[in-house]
Amino acid sequence: MKIALLGYGKMGQTIEKIALERGHEIVIKTNEEEGYDINQADVAIDFSVPKAAFFNIAKCLKLGVPVISGTTGWLDNYEHAIKLCKENNGAFIYASNFSLGVNIFFELNKHLAKMMSQLKQYHVSIEEIHHTEKLDAPSGTAITLAEGIISQHDEYNKWLLNQNKKQTIPITAKRIANVPGTHSIEYKSNTDTINITHTAHTREGFALGAVVAAEWILGKTGVFSMKDVLNIG
Ligand SMILES: NC(=O)C1=CN([C@@H]2O[C@H](COP(=O)(O)OP(=O)(O)OC[C@H]3O[C@@H](n4cnc5c(N)ncnc54)[C@H](O)[C@@H]3O)[C@@H](O)[C@H]2O)C=CC1
Ligand SMILES: O=C(O)C1=N[C@H](C(=O)O)C[C@H](O)C1
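Please read these numbers as outputs of a predicted model, since none were measured by experiment. (Residues numbered from 1 in each chain as written. Chains lettered and ligands numbered in written order. Predicted model: local features only at pLDDT ≥ 70, side-chain atom pairs only at ≥ 80, totals over all residues. Heavy atoms only, no water.)

1. Observations concerning the overall build of the chain
A count of helical and extended segments in the chain gives 7 helices and 11 strands. With the principal axes as the frame, the chain shows a C-alpha extent of 60 × 40 × 30 Å. The buried share of the chain, taken over its 233 residues, is 50%. Contacts in the chain between residues at least 24 apart in sequence constitute 64% of all its contacts with a sequence separation of at least 6. As displayed, the chain offers around 11500 Å² of accessible surface, 50% of which is attributable to carbon and sulfur atoms. Positive and negative side-chain charges in the chain, numbering 23 and 25 respectively, have mean positions lying 4 Å apart. (Helix = DSSP H or I, 4+ residues; strand = E, 2+ residues; numbered from the N terminus. Buried < 20%, exposed > 50% of the residue type's maximum accessible area, 1.4 Å probe, protein only. Contact = heavy atoms within 4.5 Å. Areas by Shrake-Rupley, 256 points an atom, 1.4 Å probe, with all protein chains shown as cover. Lys, Arg positive; Asp, Glu negative; His and termini not counted. Charge placed at Lys NZ, Arg CZ, Asp CG, Glu CD.)

Below you can see the structure in the form of structure tokens.
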């Protein structure tokens, strides 16, 4: 498979390593929005920056190249990307987190939230910790976790960064050098605390998931999620 890497930073470079190990070819690696022919590639993998992601995704969809995006912080334009995908009969996957472990954690989070919905004495909160170069807060993964809780729990209808309000899930974002990504969910009552945590030790889990998604999407049309790729949940 010929892969275009749109964004050749920490993730782009890790994806290159995993893709080569799996027998793929990297035909484009770029940190620019122009200056390459995307039609050289069978599939594009975008791990760029929030302000570039939608442009990169839209270009791929308009030119008929399936696109996998892991970039976070651009979701104001997500519905527009879906529309473009449908109009162009394209293929698109966005995931806030491509790792197998986090996708299992997403399902565990929803099961737990459903159980905790009965128990009004517990209050939920989310904490995410990432490296200091991260541009967005809260992380895309923390937002997906909050949305998972909201979908299952009667008490909560939105999330807020660093704020405690009624019916709201507070998310705390910490930035510590070299942390690849840690997400914790806490349910606290006056008598005890339940805590679940996912800790990424390296970026390789994210990168492998993105390459597996790229392999999976070839020959398909539509908008998909990692749940479709991994067949879980
Ligand atoms: N969904 C997931 O599983 C994961 C998502 N991420 C997200 O992926 C994104 C990238 O993360 P990192 O690689 O750690 O960041 P990074 O900062 O190391 O790399 C981003 C790269 O994009 C480049 N870039 C800037 N403008 C561009 C453009 N117009 N087109 C293409 N590239 C451009 C930058 O020069 C930089 O090299 C972030 O949004 C991060 O939150 C990171 C890890 C896992
Ligand atoms: O920026 C990162 O590094 C990461 N970003 C993603 C997010 O915002 O959730 C996924 C992962 O946690 C690493």
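From this point on, the discussion continues.
2. Quick look at the sheet that holds strand E9 (residues 182-188)
Think of a sheet as strands paired side by side through backbone hydrogen bonds, with each pair either parallel or antiparallel. One open sheet holds the 5 strands; their spatial order is E7-E8-E6-E9-E10, and the pairing between them is mixed. Of all the strands in the sheet, the pair left with one neighbour each is strand E7 (158-161) and strand E10 (193-199). Sheet twist, expressed as the mean angle between neighbouring strand axes with direction ignored, is 20°. With 7 bridges connecting them, strand E6 (residues 123-130) and E9 associate as antiparallel partners. Of the residues in E9, the one forming a bridge with Ile 129 is Thr 182. (Pairing = 2+ DSSP bridges. Axes fitted to C-alpha atoms, helices over the stretch in contact; angles between N-to-C directions.)

3. Here's the deal with the UniProt feature "binding site: NAD(+)" (unreviewed entry) in the chain
The positions that UniProt labels "binding site: NAD(+)" (unreviewed entry) are, in the present scheme, Gly 70, Thr 71, Thr 72, Ala 95, Ser 96, Asn 97 and Phe 98. Of the residues just listed, which span 29 residues, no C-alpha pair is farther apart than 11.6 Å, and they cluster in one region. For the largest pocket, the lining residues among the annotations just cited are Gly 70, Thr 71, Thr 72, Ala 95, Ser 96, Asn 97 and Phe 98. Relative to the helices and strands, Ser 96 resides in the loop between strand E5 (91-94) and helix H4 (100-116). Non-local contacts of Ser 96, meaning those with residues more than four positions away in its chain, are made with Thr 72, Phe 106, Gly 140, Thr 141 and Thr 144. Examined against the element boundaries, Phe 98 turns out to sit in the loop between E5 and H4. On the accessibility criterion, Phe 98 (2% relative accessible area) is buried. Those residues in contact with Phe 98, other than ones at most four positions away along the chain, are Phe 47, Ile 68, Ser 69, Gly 70, Ile 93, Asn 103, Gly 205, Phe 206, Gly 209, Ala 210, Ala 213 and Met 226. (UniProt positions renumbered as here; feature names shortened; annotations may be inferred. 1 Å grid on protein atoms, 1.4 Å probe; cavity = no way out; pocket = protein on both sides within 12 Å on 5 of 7 lines; lining within 4 Å.)

4. Examining the site of ligand 1
Surrounding ligand 1, one finds 25 residues, the nearest of these being Lys 10, Met 11, Thr 72, Phe 98 and Lys 134. A distance of 3.1 Å separates a nitrogen atom of ligand 1 from a polar backbone atom of Gly 70. Computed on the free molecule, ligand 1 has an accessible area of 850 Å², of which 81% lies beneath the protein chains in the complex. Counting atoms within 2 Å of the grid points, the majority share of ligand 1 lands in the largest pocket. Elements that contribute at least two residues to the shell around ligand 1 include exactly helix H1 (10-21) and helix H2 (50-62). For the shell around ligand 1, a count of residues per class yields 9 nonpolar, 11 polar and 5 charged. (Near = heavy atom within 4 Å. Polar contact = N/O pair within 3.5 Å; in protein donor to acceptor, adjacent residues only side chain to side chain. Sits in = over half its atoms within 2 Å of the grid points. Nonpolar A, V, L, I, M, F, W, Y, C, P; charged D, E, K, R; others polar.)

5. Considerations on the domain arrangement of the chain
Domain boundaries in the chain define domain 1 (2-94 + 204-230) and domain 2 (100-200). Once you take the C-alpha centre of each, domain 1 and domain 2 turn out to be 27 Å apart. Taken together, the links from domain 1 to domain 2 amount to 2 salt bridges. Measuring nitrogen to oxygen at the nearest pair gives 3.4 Å for the salt bridge that ties Glu 133 to Lys 10. Tallying contributions element by element places helix H7 (residues 226-230) first for the side of domain 1 that touches domain 2, with 3 residues. Split by residue class, the side of domain 1 that touches domain 2 holds 5 nonpolar, 2 polar and 2 charged. (Domains from an automatic or database assignment. Salt bridge = Lys/Arg side-chain N within 4 Å of Asp/Glu carboxyl O.)

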